[in-house]
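# Structure at a glance
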Amino acid sequence: MAWEVVVGIETHAQLLTRSKAFSGASTAFGAAPNTQACAVDIALPGVLPVANRATVEHAIRFGLAIRAEIRRRSIYARKNYFYPDLPKGYQISQYEQPIVQGGELKIIVEGREKSIRLTRAHLEEDAGKSLHEDFHGLTGIDLNRAGTPLLEVVSEPDLRGAQEAVAYARALHALVVWIGICDGNMQEGSFRCDANVSVRRAGDANLGTRCEIKNLNSFRFMERAIEYEARRQIALIEDGGRVEQETRLYDPERDETRSMRTKEEAHDYRYFPDPDLLPLVVSEEDIEAIRRSLPELPAARRDRFAREYGLTPHEAGFVAASRAAADYFEALVKASGAEARLCANWQMGELAAALNQDEIEISKSKVPAKDLAGLLGRIADGTLSGKLAKEVFDAMWAGEGAADAIIEKRGLRQISDAGAIEKLVEEVLAANPKQVEDYRAGKEKAFNSLVGQVMKATKGKANPTQVTEILRRKLAR
Amino acid sequence: MSLAADQVRRLARLARIAIRPEESETVLASLNRVLGLIDQMRAVDTSGVEPMAHALDAKASVAQRLRPDAVTETDQRELFQSVAPAVERGLYLVPKVIE
């Protein structure tokens, strides 16, 4: 019996602001404990929150990017629970009337586009951090993060399986970074996901009982956690058991999910409108101004790359995976004057491999677009063969300078002088009568060996197309 | 609408309020009096009235004011922590809590 794995994702994206959601304390990461926690953040009596305009603009920007409804009037609510890193005893959030309602995000799975519906996105504040180790039986509290603005984005259960869930999380991550509302730094907790996972038999119309998995702080962990959880639920049902609705924690060390709390212990947050904050009203003018400031969005740019540069959907998706990558690609095409396909192949091949190897972002590439353009220009004009170009690229990556300087210094210029190649070919033919005979007897392998001899004689610098052409011509006689 | 004794215990736990057994009946009675008042308000016909989220919400012109995104606060950790019961390496110390 086939099973279908159904996933919905909740994401907390930390909004890129200088100050907190409701206070003027700094949000800079990594400060000494409690040095960025002001009277509002630590909830001293008598303080009042004042909403940060940038958080509202970021939420609208996101809403427009996913074609959602932007609520002209939304309500801040209190979500009540007790925990020492939440000094007020409640979190300011939005509940019944969030600022962003609906919307959709397009993802690409195995070369196929799928639209994922979003339920909502709402503004809220983060809690502080609890440090449980090393304080002789006490817990240490750092409130620097308390009050940091978050956008919580909730998807519909439209995702099928771990692979789609990860594709969605990646697309959402790319989008929030693309439109400049989040730095996307997962190590620092700027982009955190929880997954609601359930299983049902294929063709079943009703959803199964779901479990919420927390602590998915990388895409790899998300994929493994969902796969584990789906296996667990399927095994449970096939053994005649029932899935209990609960919150589970993913443990990457043991690659398993563990129960955190069941439905009975679930929190009762007693939401109510925050009397300290008035309804949040956004004007048409604000929305239109933000709409005008939006950059070309990922899906539009992907489509344009495919159309304008003749890239396949896969290629377009790769080079437009992030705004930085897409900017790199366009700068490369423009500066090199080379075929767009050649540019895409290099960005996806040599460049991507080198970036991966050194674990660096494309925006910080050791070979910037204009330098790579210099190299691709030399392939386009026939100075370099593909093989030599790779050698030059490695040298550029190692910091040896621009493509032309390396070509000159290493004497890598491709030999395209037909007279010179012809002379070499004649020498090789004279020295290898056996292969010539074999080739004429119909052995194609002998031909490759002859090409190899010519290339070897020129240390790989002969233009391979010309070598092949001249060899065929000479052997045809 | 009225509450039962076990609901009062649950509310007390959610609000982190300790209620002694001998108090529970008094608390139950006072809470039920509050609920009685709510019942009275609920009896009013409010069909056609837009629910309000704030006492000042009735006026369309009253809305949340927004402040510019600028850092205006300075570090006052020393002052704030001077009244904290326990502090170490800049952290507030509290009894161990682990969920």
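Please read these numbers as outputs of a predicted model, since none were measured by experiment.

### Some points on the overall build of chain A
- Scanning chain A from N- to C-terminus turns up 15 helices and 19 strands.
- Taking 23 Å as the expected radius of gyration for a compact globule of 477 residues, we find that chain A reaches 29 Å, considerably beyond that expectation.
- Considering only C-alpha atoms, chain A reaches an extent of 95 × 55 × 50 Å along its principal axes.
- Relative to its 477 residues, chain A shows a buried fraction of 52%.
- Considering only intrachain contacts with a sequence separation of at least 6, the fraction spanning at least 24 residues in chain A is 68%.
- About 22,300 Å² of surface is accessible on chain A, with carbon and sulfur atoms providing 49% of the total.

### Let's talk about the overall build of chain B
- Of regular secondary structure, chain B possesses three helices and three strands.
- Mapped in sequence order, the helices and strands of chain B form the string α-α-β-α-β-β.
- Dimensions along the principal axes, computed over C-alpha positions, put chain B at roughly 55 × 50 × 25 Å.
- Evaluated residue by residue, chain B yields a buried proportion of 20% over its 99 residues.
- In chain B, the share of contacts with a sequence separation of at least 24, taken over all contacts with a separation of at least 6, comes to 31%.
- Put simply, chain B shows about 7,800 Å² of open surface, and 58% of that area lies on carbon and sulfur atoms.

### A word on the pattern of salt bridges
Residues and elements named next belong to chain B.
- This model, assessed by the stated rule, comprises 48 salt bridges over all chains.
- Two residues, Arg89 and Glu88, come together in a salt bridge whose shortest N-O distance is 3.6 Å.
- Judged by relative accessible area, Glu88 falls into the partly exposed class, the value being 23%.

### Topic: a nonpolar patch on the surface
Residues and elements named next belong to chain B.
- The grouping of Val34, Leu37, Ile38 and Met41 at the surface amounts to a nonpolar patch, some 360 Å² of accessible area in total.
- For Leu37, the position within the fold is in helix α2 (residues 24-42).
- The class of Leu37 is partly exposed, set by a relative accessible area of 49%.

### Digging into the domain arrangement of chain A
All names here are of chain A.
- Domains assigned within chain A are domain 1 (3-289), domain 2 (296-410) and domain 3 (418-476).
- The C-alpha centroid of domain 2 is placed 36 Å from the C-alpha centroid of domain 1.
- Counting the surface lost from both domain 1 and domain 2, the interface buries some 790 Å², and carbon and sulfur atoms represent 68% of this.
- Where domain 1 touches domain 2, the interface holds one salt bridge.

### Re the nonpolar core
All names here are of chain A.
- Within the largest apolar cluster, 110 residues are counted, with the highest numbers of intra-cluster contacts made by Phe62, Tyr168, Phe329 and Leu375.
- A per-element tally of this core places helix α2 (residues 161-178) first, with eleven residues.
- Of the residues that make up this core, three or more belong to each of domain 1 (3-289) and domain 2 (296-410).
- In this structure Tyr168 touches Ile9, Leu105, Ile107, Ile116, Leu118, Val153, Ser155 and Leu159, once residues within four positions along its chain are discounted.
- Within the second largest apolar cluster, 17 residues are counted, among which are Val425, Leu450, Val454 and Leu475.

### Description of the interface of chain A and chain B
- The partner chain B presents 37 residues to the 55 residues of chain A that form the contact.
- Of the roughly 4,000 Å² buried between chain A and chain B, counting both surfaces, carbon and sulfur atoms make up 59%.
- At the junction of chain A and chain B, the tally comes to one salt bridge.
- A salt bridge links A:Asp268 to B:Arg10; its shortest N-O distance comes to 3.2 Å.
- There are 21 residue pairs in polar contact (both at pLDDT 80 or more) connecting chain A and chain B.
- Elements supplying a minimum of two residues to the side of chain A that touches chain B: β2 (51-52), α1 (53-65), β11 (138-142) and β19 (280-281) of chain A.
- Here the side of chain A that touches chain B takes five residues from β11(A), the largest share from any one element.
- Considering only residue class, the side of chain A that touches chain B consists of 31 nonpolar, 14 polar and ten charged.

### Let's talk about unusual backbone geometry
- In this structure, A:Ala43 takes a positive phi of about 65 degrees despite not being glycine.
- Inspection of the secondary structure assignment puts A:Ala43 in the loop between β1 (3-14) and β2.
- On the basis of relative accessible area, A:Ala43 is assigned to the partly exposed category, the value being 24%.
- Positive phi outside glycine occurs at B:Arg16, with the angle close to 55 degrees.
- As for its placement among the helices and strands, B:Arg16 is situated in the loop between α1 (5-14) and α2.

### So, the pairing of strand β14 (residues 191-201) of chain A
Residues and elements named next belong to chain A.
- Buried residues dominate β14, accounting for nine of its eleven residues.
- Here eleven bridges tie β1 to β14, and the two strands are oriented antiparallel to one another. By the bridge assignment for β14, Thr11 is matched with Cys193.
- Here four bridges tie β14 to strand β15 (residues 211-216), and the two strands are oriented antiparallel to one another. Residue pairing across strands places Ala195 opposite Ile213, the latter belonging to β15.

### Topic: the packing of aromatic side chains
Residue and element names in this part refer to chain A.
- Here the structure, examined in full by the defined rule, presents eleven aromatic pairs over all chains.
- Ring centres of Phe305 and Phe329 lie 5.1 Å apart, and the angle between their planes is 50 degrees; this geometry places the pair in the tilted category. A residue pair is termed long-range when its members are at least 10 positions apart, and Phe305 in helix α5 (residues 298-309) and Phe329 in helix α7 (residues 323-336) qualify at 24 residues.
- Taking the relative accessible area as the measure of exposure, Phe305 reaches 0% and is therefore buried.

Thresholds applied
- Residues numbered from 1 in each chain as written.
- Chains lettered and ligands numbered in written order.
- Predicted model: local features only at pLDDT ≥ 70, side-chain atom pairs only at ≥ 80, totals over all residues.
- Heavy atoms only, no water.
- Helix = DSSP H or I, 4+ residues; strand = E, 2+ residues; numbered from the N terminus.
- Rg over C-alpha atoms; globule rule 2.2 N^0.38 Å.
- Buried < 20%, exposed > 50% of the residue type's maximum accessible area, 1.4 Å probe, protein only.
- Contact = heavy atoms within 4.5 Å.
- Areas by Shrake-Rupley, 256 points an atom, 1.4 Å probe, with all protein chains shown as cover.
- Salt bridge = Lys/Arg side-chain N within 4 Å of Asp/Glu carboxyl O.
- Patch = residues over 30% accessible without salt bridge, like charges linked within 9 Å, V, L, I, M, F, W, Y side chains within 5 Å.
- Domains from an automatic or database assignment.
- Buried area = accessible area lost by both parts, 1.4 Å probe.
- Core = buried A, V, L, I, M, F, W, Y, C linked by side-chain atoms within 4.5 Å.
- Polar contact = N/O pair within 3.5 Å; in protein donor to acceptor, adjacent residues only side chain to side chain.
- Nonpolar A, V, L, I, M, F, W, Y, C, P; charged D, E, K, R; others polar.
- Pairing = 2+ DSSP bridges.
- Phe/Tyr/Trp six-rings, centres within 6.5 Å; stacked < 30°, edge-to-face > 60°.

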